Amino acid sequence: MGRTLKQLGAVVILGGTLISLCTAANAPDGLFSGQYEFSLLMFFTYELVSLAGGFLFIGMGEIIGLLDSINNALRGR
């Protein structure tokens, strides 16, 4: 279970990075200009959210792995 959460966290980070790049590259230059430019603010905002979510999954996977190893050690006694 812990390994699955860690892998899910990596997928969230990679997917969030891809989505933030695509979204920031298609940011409109103005309201009615019809031109697009790359928005660093939008990229960093979406990237920060995807990193936070991904590391949350990775951290929970690590905690579950540690609790599982403690449980296995106590059963062996």
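Residues numbered from 1 in each chain as written. Predicted model: local features only at pLDDT ≥ 70, side-chain atom pairs only at ≥ 80, totals over all residues. Heavy atoms only, no water.

**What to know about the overall build of the protein chain**
- Helix and strand content of the protein chain: two helices and two strands.
- Its C-alpha atoms give the protein chain a radius of gyration of 19 Å, clearly above 11 Å, the size a compact globule of 77 residues would have.
- Dimensions of the protein chain, computed from the C-alpha atoms along their principal axes, are close to 70 × 15 × 10 Å.
- Relative to its 77 residues, the protein chain shows a buried fraction of 18%.
- Taking contacts inside the protein chain between residues at least 6 apart in sequence as the whole, the part at least 24 apart equals 56%.
- As presented, the protein chain carries roughly 5800 Å² of accessible surface, and 71% of it is formed by carbon and sulfur atoms.
- Once the 4 positive and 5 negative side-chain charges of the protein chain are each reduced to a mean point, those two points are 29 Å apart. (Helix = DSSP H or I, 4+ residues; strand = E, 2+ residues; numbered from the N terminus. Rg over C-alpha atoms; globule rule 2.2 N^0.38 Å. Buried < 20%, exposed > 50% of the residue type's maximum accessible area, 1.4 Å probe, protein only. Contact = heavy atoms within 4.5 Å. Areas by Shrake-Rupley, 256 points an atom, 1.4 Å probe, with all protein chains shown as cover. Lys, Arg positive; Asp, Glu negative; His and termini not counted. Charge placed at Lys NZ, Arg CZ, Asp CG, Glu CD.)

**Side note on the side chain of Ser39**
- Mapped onto the fold, Ser39 is located in the loop between strand S2 (36-37) and helix H2 (40-76).
- Ser39 gets classed as buried once you look at its relative accessible area, which sits at 19%.

**Focus: the confidence of the model for the protein chain**
- Of all residues in the protein chain, 94% have pLDDT values of 70 or greater, and the mean over the chain is 90.
- The secondary structure element of the protein chain with the lowest average pLDDT is strand S1 (residues 27-28), at 76, and the one with the highest is H2, at 94. (pLDDT = per-residue confidence, 0-100.)

**Focus: the packing of aromatic side chains**
- For the structure shown, the criterion picks out two aromatic pairs.
- On the numbers, 6.0 Å between centres and 40° between planes, the contact of Phe38 with Phe43 is tilted.
- Taken together, Phe38, Phe43 and Phe44 form an aromatic cluster joined through their ring pairs. (Phe/Tyr/Trp six-rings, centres within 6.5 Å; stacked < 30°, edge-to-face > 60°.)

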